[in-house]
Amino acid sequence: MKNNHPLLSVEQVCKSFGNKQVARNISFSLQKGEIGCLLGPSGCGKTTLLRVIAGFESIQSGTVCIDSTIVSSSTRNEAPENRSIGMVFQDYALFPHLSVSDNVGFGINKMPRNERHKRVGELLTLVGLEEVANNYPHEISGGQQQRVALARALAPKPELLLLDEPFSNLDALLRERLTVEVRDILKKLGTTALLVTHNQHEAFSVADKIGVLFDGTMQQWDNAHSIYHKPASLEVARFVGEGTLIDGKVTSTGKIQTALGPLEGHFSIPCEPGCSVDLLIRPEDILHIEDNCLKATILKKSFRGPNIVYLLQLASGEKCQALVSSHHDHRIGERIGIQPEVDNLIVFPKSCQL
Ligand code: ADP
Ligand code: MG
């Protein structure tokens, strides 16, 4: 038995198509049972990276190891069927002429009949599809098709499950429900999985570790909390969550002077007194306190049911958002009292070098 090694280890992987570099020195790893997610805008290289790990694409340099075995390097490209992976594609790629049961059993056709029947039954129960076992894909809903694809990929008990935008064809409500369901199923089985998405809500609700990818570069590999509260770069901060940037100046006492007043909190200031910084202010960082003397003017409001997100203009002309209970229903143009809540301020140096 090998212990304490990552189940999936991607090291310094570079992948180009012609002279277009699509993965630049990508490194990350997943422990057994962990769920990882590659998050990034369309075209940043997520699918390519997943296909590299699956063995559908060769790489120019670096290594991919599954369970401590090198499966990809510049000189090696183990075939997908020898990698102990399961794959769920964006369009599910179900076989239209096979029933739900037969789709699920497709990858285990070498198993003895009885065993196979039993395994298919277990999987159908796991994903809640016993009742449509004999239906064909076109006779079931999108959400059910998605679960067939998941069950089919899990049938051979892969070490690693790869999922490419598995929820993107579903409506928002169903997507949210299935995201949680899929996480529960994977956790129950202890399956290691890597999922690709451009949707941060999906990433947050499904993943133990998130990798933010831009233009073939891994900007940060971390848990959801750190990606949100301690983004490694301005780009990550802007891509993940909402917020606006305002100017700040570091004071001699280690505070930051801003249009919201001097701020201090549990954050490290990455530069010397006197230097200028960009502060990311998230909507939840600004409290609405009716009689506070710090005021801001409402430019826009976005109703979200329990909350309203107000876009506010400060005296400096800078803008920030405030997440406010929708019981406080103010008009556009109104001036309201606010108070910054600084614990999670995110600071990036502007004019000084680290
Ligand atoms: P994502 O999944 O993040 O949307 P992809 O991995 O599909 O991104 O694509 C990343 C980049 O690589 C895109 O610019 C895409 O056009 C390019 N690309 C993907 N596959 C190929 C290919 N087989 N040949 C040439 N370019 C490709
Ligand atoms: Mg893609």
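We now turn to the structure provided with this report. (Residues numbered from 1 in each chain as written. Chains lettered and ligands numbered in written order. Predicted model: local features only at pLDDT ≥ 70, side-chain atom pairs only at ≥ 80, totals over all residues. Heavy atoms only, no water.)

Turning our eyes to something else, we now look at the sheet that holds strand 1 (residues 8-17). Hydrogen bonding along the main chain pairs the strands of a sheet, whether they run parallel or antiparallel. What the 4 strands build is an open sheet, ordered 2-1-4-5; its pairing is antiparallel. Strand pairing shows two members of the sheet lacking a second neighbour, strand 2 (20-30) and strand 5 (69-72), which therefore form its edges. Going from strand to strand, the sheet's axes swing by 35° on average, the running direction of each strand aside. Bridge count between strand 1 and strand 4 (residues 61-66): 5 bridges; the pairing is antiparallel. Paired with Leu 8 across the two strands is Ile 66, which belongs to strand 4. (Pairing = 2+ DSSP bridges. Helix = DSSP H or I, 4+ residues; strand = E, 2+ residues; numbered from the N terminus. Axes fitted to C-alpha atoms, helices over the stretch in contact; angles between N-to-C directions.)

Glancing now at the pairing of strand 8 (residues 192-197). The buried fraction of strand 8 amounts to 6 of the 6 residues, a majority that puts the element mostly inside the structure. Covered by surrounding structure in strand 8 are Thr 192, Leu 194 and Val 196 together with Ala 193, Leu 195 and Thr 197, the residues of both alternating faces. By the bridge criterion, 5 bridges tie strand 3 (residues 35-39) to strand 8 in an arrangement that is parallel. From the neighbouring strand, Cys 37 faces strand 8, where its bridge partner is Leu 195. Bridging between strand 7 (residues 160-164) and strand 8 involves 5 bridges; their strand directions are parallel. (Buried < 20%, exposed > 50% of the residue type's maximum accessible area, 1.4 Å probe, protein only.)

A separate point is the packing of helix 4 (residues 142-154) against helix 5 (residues 172-189). Remark: helix 4 packs on helix 5, axes separated minimally by 11 Å, with the N-to-C direction vectors making an angle of 20°. Here helix 5 runs roughly parallel to helix 4, going by the angle between their axes. Between helix 4 and helix 5 lies a crossing of right-handed hand. Taken together, the residues of helix 5 that come into contact with helix 4 (itself represented by Gly 143, Gln 146, Arg 147, Leu 150 and Leu 154) are Leu 174, Arg 177, Leu 178, Glu 181, Val 182, Ile 185, Leu 186 and Leu 189. Of the residues contributing to the contact of helix 4 with helix 5, the split by class is 8 nonpolar, 2 polar and 3 charged. (Parallel < 35°, antiparallel > 145°, perpendicular 65-115°, else oblique. Left-handed = near helix turned anticlockwise from the far one by under 90°. Contact = heavy atoms within 4.5 Å. Nonpolar A, V, L, I, M, F, W, Y, C, P; charged D, E, K, R; others polar.)

Our focus in this paragraph is the site of ligand 1. If you check the shell around ligand 1, you find Phe 17, Lys 20, Val 22, Pro 41, Ser 42, Gly 43, Cys 44, Gly 45, Lys 46, Thr 47 and Thr 48 and nothing else. A distance of 3.4 Å is found between an oxygen atom of ligand 1 and a side-chain nitrogen or oxygen belonging to Lys 20. Contacts to ligand 1 include Thr 47, whose side-chain N or O atom sits 2.8 Å from an oxygen atom. Starting from 560 Å² of accessible surface for ligand 1 in isolation, the protein chains cover 59%. Secondary structure elements with two or more residues in the shell around ligand 1: strand 2 and helix 1 (46-54). If one sorts the elements of the shell around ligand 1 by residue count, helix 1 sits on top with 3 residues. (Near = heavy atom within 4 Å. Polar contact = N/O pair within 3.5 Å; in protein donor to acceptor, adjacent residues only side chain to side chain. Areas by Shrake-Rupley, 256 points an atom, 1.4 Å probe, with all protein chains shown as cover.)

Bringing the side chain of Ser 101 into the picture now. By the element assignment, Ser 101 lies in helix 2 (residues 100-105). Excluding residues that lie within four positions of it along the chain, Ser 101 makes contacts with Val 120, Leu 124 and Ala 133.

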